[in-house]
Each structure stands twice: as C-alpha cells, then as structure tokens.
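Notes for the structure review
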Amino acid sequence: MNSLWTLIAATVSFGITALLGKWMVPFLHRVNFGQTIRDVGPSWHRKKNGTPTMGGFLFIVGIAAASAVCLSAYYGSEGLSQTNLAMRTKIAGGLLMAFGFGLIGFFDDYIKVVKKRNLGLTVRQKLVLQFLVAGAYLYTLYRFGSGSVTLIPFSGGVDLGLWYWVLSLLGIVGMVNAVNFTDGIDGLNASVTFFASASFMVIAGIFRLVPVGIVSAAAAGGCLGFLVWNFNPAKVFMGDTGSLFLGGLVCALGFDVNAPILILPIGIIYLCEILSVVLQVLYFKATHGKRLFKMSPIHHHFELCGWSEVKICFVFSAVTAFFGAVSVLLVFYGF
C-alpha cells in the first residue's frame, strides 16, 4: 500500500502538469510572457527568443496538488501520532521553503518579462531573500524538535552542533542557485531533477519514510510532465520560478531523510554547473581575460564543443542516475 501512494503521487503530478500545459502555454503566449535570450549566450539560442517562460507553474501546481491529496489520504489512513505530526511539520516546512524560493523566482521572472530586463533581480536582492527563506525553514526545523544530528555514511548519526545550522544555511542557498544554473537548455533541469527526485524516492523507501516518498514521487512526476512541454524544442521554459522551486524542493528532500549530505552526490550535476561558473570567473580574473571553459555554466561549454541539447540532457541525466544509485548503495551499506 505504501508503494501505491508513491505511484499515485507520481501519476497525479504527471497528469496535472502535462494537462495544465495545454492551457497555460497558450496563455503565456497571449500575455507575451516570453523569455529574452541573453546576447552573450550561444548564437543559435536567439531563435528561442520569445518562448514563454514562468512555465514552472505547471509542475509547482502538479507537485503541490499530488502531495496534498496523497499526503492527506495517507495520514488519514494511518491516523495521527506524534511521529506523524513531526514528519508533517518537516514535510510542510520543506514544501513551504520550495514555494518561497519559487516566489523569489517569480519576482525575478516578472521583472525580466515586464521590465524587459534579462537580469531581473540584482544578485544582492536574490541572496538576501534566499537567506531569509532558508533561515526561516531551518528555524522551523529547530523549533519543532530537529536537532543538529545528521546521518553521515559509515559514521551514523553525527552531532555537528552549531556548525550544522551554519553549513545547512550556506548549503541550501548554494544548492538552490546551483539548480538555477542548471536551467540553460531545453529539458536539462527537469530531466536531471527527475532522476534526483527518483533517487530520494528510493532512499525514502529504504528508510520507510512514506510521506517523503510521496513528495519525491510527486516531484519526479511533475518533472516528467513538464518535459512534455520543455523537451527540445521547448515550447515553454520553467524560468527562475521553476528552477528555484526545484532547488528548494531537492534540498528539502535531503533534510526530510535526515541525510542532507546525500544532496551532494545526488546533485553532482548541479554542483558541476555552479563550480564551472565560479572557476570560470576566478580563472578569467587570474589570467587577465583567458577562459577555462568555452562558456559557463558547463552545459554551454559542451554545446560549443558540438554536443546537441538532447545529448547533453541524456549524458547529464545518466550521470545523475549513476550517482543516485551510488547514494542508494551508501544508504544500504553506510547507514
């Protein structure tokens, strides 16, 4: 029965996301919510200029609806206990954090679309808002009994004390932006996040955390439903509305299984994306104008090397699936 809940969550999320696109994509066209393509990007991306953005609303609605329905039904069948209450708080806090990041993304997208400024919010504005959202989430965990003990492979539960909260705050904001950087070509972010969510779904099953499995399955189904509209050639982009939401959700899943360290191997592609940007900037400054990559984030480097967008999605997804499997093995043998 527990496995059935995850299947239902994935199916409902996929169905709502895919079907909602039949209305929302034409609506975004009518209101001229089109993406302005950066001039510094690959030249062939200019043909995408005007493609509707803010499509992240598709899977946000799908994931939220599937999670709400399946979690309510599951808790109704199980009955409320103190353990269920604690898990409810953790799940709700994680979803609210994802919505908070999605709201920041919406503000950013709105400025880009309405003001026709491709940069949207300033870096400082984004970071301040992101730290506030992440801080509120961590305070909620602390307030409702989550301590500073976290699961570390081959070490069991480790109490990091104050460092747990400091590292968690920096890690959440960093990972959310890493997921945002992964959104640069058709289908990439959704396909990578599908495998990341599926990995957490399996891990939640191992830990017998059914509510986490439900949310993970809903996330995977939502990403798959979005690919109906976002796979190359994309009919809609998720925008920062979607990418920041997914970043917050992936982080929440790591905390939900009480092993946020697993976000690192499962999110290996996200880390490569943001590290490529950091290394590019540092190398450019150190060498007075030379570039380490042809372009960053790194998916653009592979584009300029001649890889198609479909090939990049396939390879990056395969890498995520592999490290997701490694993470599952770590859970089996390391915890």
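Scroll up to find the structure.
Residues numbered from 1 in each chain as written. Predicted model: local features only at pLDDT ≥ 70, side-chain atom pairs only at ≥ 80, totals over all residues. Heavy atoms only, no water.

1. What about the pairing of strand 2 (residues 156-159)?
Two strands pair when backbone bridges link them, and strand 1 (residues 149-152) and strand 2 are joined in this way by four bridges, in the antiparallel orientation. Paired with I152 across the two strands is G156, which belongs to strand 2. Turn length for the strand 1-strand 2 hairpin, with the two strands adjacent in sequence and antiparallel, is three residues, and the turn residue F154 shows positive phi of about 65°. (Pairing = 2+ DSSP bridges. Helix = DSSP H or I, 4+ residues; strand = E, 2+ residues; numbered from the N terminus.)

2. Describing the environment of A204
Counting through the fold element by element, A204 comes out in helix 6 (residues 188-206). A relative accessible area of 1% places A204 in the buried class. Separated by 69 residues in the primary sequence, A204 and E273 have C-alpha atoms spaced 26 Å apart. Once residues within four sequence positions are removed from consideration, A204 is found in contact with L209, V212, G213 and V257. (Buried < 20%, exposed > 50% of the residue type's maximum accessible area, 1.4 Å probe, protein only. Contact = heavy atoms within 4.5 Å.)

3. A few points about unusual backbone geometry
Omega for the bond connecting N232 with P233 falls within 30 degrees of zero, at -5°, which places this linkage in the cis form. You can see P233 is positioned in the loop between helix 7 (210-230) and helix 8 (239-256). A positive phi angle, near 55°, is found at H288, a position not held by glycine. Following the sequence through the fold, H288 ends up in the loop between helix 10 (268-286) and helix 11 (298-304).

4. What to know about helix 4 (residues 123-143)
Because an α-helix packs 3.6 residues into every turn, residues spaced three or four apart end up facing the same way. The end-to-end C-alpha distance of helix 4 is 30 Å, a good match for the 30 Å that 21 residues give at a rise of 1.5 Å each. Looking one or two places after helix 4, you find G145, whose phi comes out positive at around 100°. (Expected span 1.5 Å × (residues − 1).)

5. Let's talk about the pattern of salt bridges
Under the criterion given, the structure shown has four salt bridges. In this structure, the salt-bridge partner of D240 is K112, at a minimum N-O distance of 3.4 Å. You can see D240 sitting in helix 8 and its partner K112 sitting in helix 3 (residues 82-114), a full 128 residues away along the chain. The partner of D240 in a salt bridge is K126, with the nearest N and O atoms 3.7 Å apart. Here K126 lies in helix 4 and D240 lies in helix 8, a separation of 114 residues in the sequence. Judged by relative accessible area, K126 falls into the buried class, the value being 17%. A network of salt bridges, in which partner residues are shared, links D108, K112, K126 and D240. (Salt bridge = Lys/Arg side-chain N within 4 Å of Asp/Glu carboxyl O.)

6. Section: the packing of aromatic side chains
A complete count under the given rule lists 18 aromatic pairs for this structure. Where F59 meets F245, the ring centres are 6.2 Å apart and the plane angle is 40°; that geometry is what we call tilted. Residue F59 is located in helix 2 (residues 56-78), and its partner F245 is located in helix 8; the two are separated by 186 residues in the primary sequence. The pair formed by F59 and F245 is uniform in burial state, with each residue classed as buried. Here the basic side chain of R143 rests over the ring of F144, its NZ or CZ set 5.9 Å away from the ring centre. Sitting over the face of the ring of W307, K311 holds its NZ or CZ atom 4.4 Å from the ring centroid. (Phe/Tyr/Trp six-rings, centres within 6.5 Å; stacked < 30°, edge-to-face > 60°. Lys NZ or Arg CZ within 6 Å of the ring centre and 35° of its normal.)

7. Some details on the side chain of S13
As for its position among the elements, S13 is in helix 1 (residues 2-30). Of note is the side chain of S13, whose polar atom sits 2.7 Å from the backbone oxygen of A218. Only 3.0 Å separates the side chain of S13 from the backbone nitrogen of G222, close enough to count as a polar contact. Excluding residues that lie within four positions of it along the chain, S13 makes contacts with G62, I63, A66, A218, G221 and G222. (Polar contact = N/O pair within 3.5 Å; in protein donor to acceptor, adjacent residues only side chain to side chain.)

8. Quick notes on the nonpolar core
In terms of nonpolar packing, the biggest core is built from 85 residues, with F101 and I172 touching the most fellow members. Tallying contributions element by element places helix 7 first for this core, with 11 residues. Excluding its chain neighbours within four sequence positions, the residues that come into contact with I172 are M97, F101, A134, Y137, L138, C251 and F255. (Core = buried A, V, L, I, M, F, W, Y, C linked by side-chain atoms within 4.5 Å.)

9. Let's talk about a nonpolar patch on the surface
A surface patch of nonpolar side chains, about 870 Å² in accessible area, is lined by V123, L127, F131, L160, L162, W163, V166, L167 and L170. Ranked by residues supplied to the nonpolar patch, first place goes to helix 5 (residues 162-181) with five residues. With relative accessibility at 32%, the residue F131 sits in the partly exposed group. (Patch = residues over 30% accessible without salt bridge, like charges linked within 9 Å, V, L, I, M, F, W, Y side chains within 5 Å. Areas by Shrake-Rupley, 256 points an atom, 1.4 Å probe, with all protein chains shown as cover.)

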